Every structure is written in structure tokens, then in C-alpha cells.
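Listed below, chain by chain, are the residues.
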Amino acid sequence: MEHTITTQKVKFKVFRFNAEEDYLPYYDDYEMEVTSEEVVLDILNRIKWDHDGSFSYRRSCRHGICGACAIKVNGRSTLACKESMNDMVDLFGSELVIEPLSKKRAVKDMIIDKSDFWEKHAAIQPYVVTDVDEAPEMENLVSPHDAEALDEADLCIQCGACHYACPAVEVNDDFFGPAAFAAAYRFEADVRDESETRLMDVNQMGQGVWDCVKCFECREVCPKEIDPIGKITKLHQKLFQEGKAESNVATRHAVGFIHSIAKRGVLDEGGLVLYSEGPAIVKHLPVAFKMFTKGKIPMPWQLPKSDNMDEIKALVKSSTTAKF
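Attention in this report is confined to the structure presented alongside it. (Residues numbered from 1 in each chain as written. Predicted model: local features only at pLDDT ≥ 70, side-chain atom pairs only at ≥ 80, totals over all residues. Heavy atoms only, no water.)

Focus on the sheet that holds strand 3 (residues 70-73)
In a beta sheet, neighbouring strands pair by backbone hydrogen bonds and run either parallel or antiparallel.
Now for step 1: As summarised here, the arrangement of the 5 strands in space is 2-1-5-3-4, forming an open sheet in which the pairing is mixed. Looking at which strands have only one partner, the edges of the open sheet turn out to be strand 2 (26-35) and strand 4 (76-79). Ignoring strand direction, the axes of neighbouring strands in this sheet form an average angle of 35°.
Now for step 2: Inspection of the sheet shows strand 1 (residues 7-16) paired to strand 5 (residues 95-99) by 4 bridges, in the parallel sense. When the sheet's bridge partners are listed, K13 is paired in strand 5 with V97.
Now for step 3: Docked against the sheet, helix 1 (residues 40-51) engages strand 1, strand 2, strand 3 and strand 5, running at close to 110° with respect to strand 2. (Pairing = 2+ DSSP bridges. Helix = DSSP H or I, 4+ residues; strand = E, 2+ residues; numbered from the N terminus. Axes fitted to C-alpha atoms, helices over the stretch in contact; angles between N-to-C directions. Contact = heavy atoms within 4.5 Å.)

Below, the structure written as C-alpha cells:
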């Protein structure tokens with residue numbers, strides 16, 4: 001089948017800011033004929049080479065390996081060297097806004113200060129913690145079965161796409177973020193690792209995995225399909241399985257969810273909030289009253305119950321390995 005290269009006209013609104021000269025950011029407009037062969041990085045190159053040599057961005061490998069060229073297109077994190085322009089136009093139309101991963105961390109145009117990303121990555125011990133024989137007589141081999149436990153977390157290129165797409169990172173400066181958690185899981189799952197502190201570090205409220213809001217945005221934007229939310233869930237399970245999960249709103253919410261399903265086969269939302277928050281539930285009473293008047297929540301004695309409770313209890317028992 002003959003391969004045909006097509007072209008289409010696309011308008012770009014491009015974020016511009018120089019921390020050394022500008023008080024506020026602004027946007028430059030460009031209109032280009034874009035071919036079906038081009039990726040987003042080609043557009044960045046054309047802006048710099050054909051329109052404005054001062055336009056600044058990071059780029060290196062052009063093969064989706066180094067992670068340097070991660071930016072946002074219409075608010076969606078993307079790796080510029082990997083993302084097809086055709087796909088961007090199909091997704092957002094012919095008017096695209098190009099911005100850095102984090103506008104508030106912009107240093108110059110698409111270049112941002114990623115120091116928070118690296119500090120959080122370093123905080124979770126991103127290496128195998130173990131005593132190493134200075135003169136080993138043989139390799140410390142990892143079997144294919146044990147390597148599979150890493151669940152491809154070792155493929156992360158640390159581009160920061162998930163980190164700066166995470167809404168929890170945006171509002172909580174202490175939150176480690178999905179990339180750091182994926183790295184934490186990668187080393188927690190390594191059979192050679194003997195760290196006694198990493199898992200407890202990600203167990204802390206505020207900075208740890210329990211503050212993840214499970215929006216799945218990190219999974220959507222990851223250019224390497226690492227599935228960071230999947231690794232966060234595995235860390236949740238590991239904390240329960242090892243009996244290290246402390247009692248807090250998030251862990252009680254998980255336990256209350258299981259209890260509700262095991263008891264009725266359906267989610268008792270009112271009971272779940274009461275179990276999770278305890279006396280603090282009073283702050284939710286105005287909302288609960290409005291939901292009740294709109295028929296959104298039943299009274300406790302009106303809660304439905306599944307007809308297949310034996311089957312549901314068996315499923316809950318077979319799928320639960322955690323210690324509550």
C-alpha cells in the first residue's frame with residue numbers, strides 16, 4: 001500500500017517566559033503547515049530554527065529514552081519526540097497550546113526547574129540497599145520470575161510527565177508524586193533490596209501513597225506505559241500485607257470499603273465515611289443532609305443487600321491478602 005504524506009494547517013499558541021527578564025509570561029502565535037510525518041518536537045525545532053532563535057526547550061535522544069523533551073499540549077503532558085502531530089490534531093483540533101510541564105516552575109519557555117522532582121526521587125532511596133561483598137566470587141543473579149515482580153517499573157525514564165500532571169503534587173508540596181512512588185516500588189520489589197525505611201517513608205500521610213487521589217492521570221500521560229497508579233496500589237497492598245499500614249483516614253477508607261462489600265455486597269457510602277473519619281464525620285453532615293433530601297443516600301435500615309452474598313464473601317476472601 002502506497003504511503004501518502006498529508007499536510008494540514010495548524011495554529012499554535014506557545015508559552016514564553018524568561019525568568020531573568022519577564023515579570024509575567026505571555027504567548028506567541030504561529031501558524032504552520034504540518035505534515036503527517038512530524039512529531040511535536042519537530043514543531044518546537046521549527047519555531048526555534050525558522051521563527052525565533054531565542055525559543056528554549058530541552059531535547060536530546062529523540063527516541064523516547066532520555067525524557068528531556070516532556071512538555072504539555074493543550075494541558076496534556078506529552079513527550080514531544082514521541083507524540084505524533086496527527087494524533088494531537090485528532091485529539092484537540094487544529095488550534096494547539098504548547099506549554100511547559102509546570103508553568104509556575106518555568107525558567108525559560110519550555111525549560112522548567114525540576115529540582116522538586118529530583119529531591120523527591122532521591123528521598124525514596126532510588127537504589128538497591130544491601131551489603132555488597134567487596135570481592136564477590138559470583139554474580140548476584142535475579143531470576144526471570146523475580147525480575148517480573150518489578151512490573152516494568154525499571155523502564156521509567158524520569159521525564160516528569162506524570163509528576164507534573166498529578167493534581168496532588170500541584171496542591172501538596174510534600175507529596176512525593178507518582179514517579180517517585182514508581183521508583184520506590186521498583187526497589188521494594190527487588191529481591192536483593194534490604195531497605196528498612198523506604199516503605200515506611202511512603203507510608204507517611206502528607207508525603208506518602210495514602211494522599212494519592214487515584215485520578216489515573218499519571219497512567220494516562222506516561223509515555224512509557226509504566227502505570228504509576230498501579231505501582232502505588234501495589235505499595236498500598238504491600239503495606240497492608242506486611243502489617244505496616246497505620247490507621248489513618250485513607251487506610252480506614254480501604255478497610256471500610258472491604259467491610260461494606262463483605263457485609264452487603266454493595267457500598268454503604270454513609271457507613272464508609274463514618275468508619276473512615278470517625279467523630280470528624282460531623283463536618284460532612286450538611287452535605288449528607290442535602291444528599292439525603294435528593295435521594296442520593298438511603299437511611300441505614302433501607303440499605304440494599306445483594307442476593308449473592310455467599311459468592312461475594314468467597315470472592316472477597318480469595319482476593320484479600322492484606323492484614324487489617
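So that's the structure; there's more coming.
Focus on helix 1
Now for step 1: Between its first and last C-alpha atoms helix 1 spans 16 Å; for 12 residues at 1.5 Å apiece the expected length is 16 Å, and the two agree.
Now for step 2: Listed in full, the buried residues belonging to helix 1 are V40, L41, D42, I43, L44, N45 and I47.
Now for step 3: Tucked into the core, helix 1 has its buried residues touching strand 1, strand 2, strand 3, helix 2 (85-92) and strand 5. (Expected span 1.5 Å × (residues − 1). Buried < 20%, exposed > 50% of the residue type's maximum accessible area, 1.4 Å probe, protein only.)

Overview of the packing of aromatic side chains
Now for step 1: Following the criterion strictly, the structure yields 6 aromatic pairs and no others.
Now for step 2: With 5.7 Å between their ring centres and 80° between their planes, F15 and Y27 make a pair best called edge-to-face. Of this pair, F15 sits in strand 1 while Y27 is found in strand 2, placing the two residues 12 residues apart along the sequence.
Now for step 3: Seen in terms of ring centroids, F175 and F181 are 5.3 Å apart; in terms of plane orientation they differ by 65°. Their pairing is edge-to-face.
Now for step 4: The structure contains a cluster of three or more aromatic residues connected by ring pairs, namely F175, F176 and F181.
Now for step 5: Between the NZ or CZ atom of K114 and the centre of the ring of F117, over which it lies, the distance is 4.7 Å. (Phe/Tyr/Trp six-rings, centres within 6.5 Å; stacked < 30°, edge-to-face > 60°. Lys NZ or Arg CZ within 6 Å of the ring centre and 35° of its normal.)

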